[in-house]
Amino acid sequence: MGLTQLLPDPRPDVGLEEAFAFAEDTVRAVFIASVDGAATLSGRAGGLANAWDRSVFALHRALADVILVGAGTARTEGYGPAEDDPAWRSIRTGRGATAPIALVSHGLGLDFDSPLFAEAPGSARTIVITPASAPDHALERASAVAEVIVAGETTVDLPAAIRALRERGLRRIVCEGGPRLFTDLLRAGEVDEVCLTRSPSLVAGYETGILHGAEFPEPLDLDLVRAFATDDSFLYLLYRRARTRGA
């Protein structure tokens, strides 16, 4: 069984690949959140997911040319390189078996001996995105185990970083978070689409939301372009950034 499409035209049994087709030159953020807006459970995102959401997550990794993630999220979630998923292997025909992870780090306080660097395959070497102000010794260490993109002077210049990824042929960019990186990307105007799984649960407490940072001067409008549901009451919502409103 596939997903039940609710919008734009209701129909049953839509396959995941069709549902989440991904155009080039697109930055798509992929998140899960509870009904009350929590993006984590006991500090981690995985506790909110079901089997369908894990499949959506794996599909996006297969569709992506590069997976963008903040250093804090990579640390909290114990990131390693993306895994070769047999279920979606055909999607990557003509590309490497997996997409590289691109890690955004302002200070390069990273464990360069971790699996994210030590176990990354040659075809998907981890990318580190950092500003010119990062410590020289850390830049040297990063360059030994990863591809380094210097973007910005004292903080990461995200538009410059996105351009650098595209110049390398990495044109489908999936952002897996965290909330601060997602906020900064939105503020910079670098998010085209948001794929949000809505878990049918209430979490309360002090869990993290999908955004974290200073309030935007004006709310950023999104257009809901596709919506899907499963029998277990999960919703899968695909939004695009609204370029104009009321035009």
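Rules behind the numbers
Residues numbered from 1 in each chain as written. Predicted model: local features only at pLDDT ≥ 70, side-chain atom pairs only at ≥ 80, totals over all residues. Heavy atoms only, no water. UniProt positions renumbered as here; feature names shortened; annotations may be inferred. Helix = DSSP H or I, 4+ residues; strand = E, 2+ residues; numbered from the N terminus. Core = buried A, V, L, I, M, F, W, Y, C linked by side-chain atoms within 4.5 Å. Buried < 20%, exposed > 50% of the residue type's maximum accessible area, 1.4 Å probe, protein only. Contact = heavy atoms within 4.5 Å. 1 Å grid on protein atoms, 1.4 Å probe; cavity = no way out; pocket = protein on both sides within 12 Å on 5 of 7 lines; lining within 4 Å. Points joined across faces, edges and corners; volume = space filled by probe spheres on them. Nonpolar A, V, L, I, M, F, W, Y, C, P; charged D, E, K, R; others polar. Disulfide = S-S within 2.5 Å. Expected span 1.5 Å × (residues − 1). Arc of directions from axis to C-beta. Polar contact = N/O pair within 3.5 Å; in protein donor to acceptor, adjacent residues only side chain to side chain.

- For the protein chain, the name recorded in an unreviewed UniProt entry is Riboflavin biosynthesis pyrimidine reductase, with Brevibacterium celere as its organism.
- Comment text from UniProt for the protein chain, heading Pathway (unreviewed entry), reads "Cofactor biosynthesis; riboflavin biosynthesis."

## Some words on unusual backbone geometry
Alright, step 1. Put simply, Leu7 and Pro8 share a cis peptide bond, and its omega is 5°.
Alright, step 2. Here Pro8 shows up in the loop between β1 (3–7) and β2 (11–14).
Alright, step 3. With omega at 5°, the peptide bond leading from Gly177 into Gly178 counts as cis.
Alright, step 4. Positionally, Gly178 belongs in the loop between β8 (172–175) and α7 (179–187).
Alright, step 5. For Ala204, which is not glycine, the phi torsion reads 60° and is therefore positive.

## Examining the nonpolar core
Alright, step 1. If you look at the biggest cluster of nonpolar residues, it comprises 45 residues, and the most contacted ones within it are Phe20, Leu103, Leu110 and Phe117.
Alright, step 2. Top element by residues in this core is helix α2 (residues 51–63). It accounts for five residues.
Alright, step 3. If sequence neighbours within four positions are ignored, Leu110 has contacts with Ala71, Arg75, Leu103, Ser105, Phe117 and Val128.
Alright, step 4. If you look at the next biggest cluster of nonpolar residues, it comprises 29 residues, including Val27, Ala161, Ile173 and Leu186.

## Description of the layout of surface pockets
Alright, step 1. What the largest pocket holds in volume is close to 1,200 Å³.
Alright, step 2. Lining the largest pocket are 43 residues, and of these Ala45, Thr73, Glu77, Tyr79 and Glu176 lie nearest its centre.
Alright, step 3. A per-element tally of the lining of the largest pocket places α2 first, with six residues.
Alright, step 4. Split into classes, the residues belonging to the lining of the largest pocket amount to 19 nonpolar, 14 polar and 10 charged.

## Comments concerning the state of the cysteines
Alright, step 1. Considering all chains together, one arrives at zero disulfides under this definition.
Alright, step 2. This cysteine, Cys175, is not joined by any disulfide, and Cys195 carries the nearest cysteine sulfur, 12 Å off.
Alright, step 3. Owing to a relative accessible area of 1%, Cys195 belongs among the buried residues under this scheme.

## Observations concerning α2
Alright, step 1. Over its 13 residues, α2 runs 18 Å from end to end, which matches the ideal 18 Å to within 8%, given 1.5 Å per residue.
Alright, step 2. Turning to α2, its buried residues number three or more, namely Asp53, Val56, Ala58, Leu59, His60, Arg61, Ala62 and Leu63.

## Overview of the UniProt feature "domain: Bacterial bifunctional deaminase-reductase C-terminal" (unreviewed entry) in the protein chain
Alright, step 1. Per the UniProt record, "domain: Bacterial bifunctional deaminase-reductase C-terminal" (unreviewed entry) is found at residues 26–231.
Alright, step 2. A distance of 30 Å separates the end C-alpha atoms of residues 26–231, which is 25% helix and 22% strand.

## Quick word on helix α6 (residues 158–167)
Alright, step 1. All of the buried residues along α6 are Leu158, Ala161, Ile162, Ala164 and Leu165. Along α6, the residues classed as buried sweep out an arc of 160° about the axis, all on the same side. Facing away from the buried side of α6 by more than 90 degrees, the exposed set consists of Arg163 and Glu167.
Alright, step 2. Structurally, the start of α6 carries an N-cap: the backbone nitrogen of Ala160 is 3.1 Å from a side-chain oxygen of Asp157.
Alright, step 3. Once α6 finishes, Gly169 follows within two positions and takes phi at roughly 85°, a positive value.

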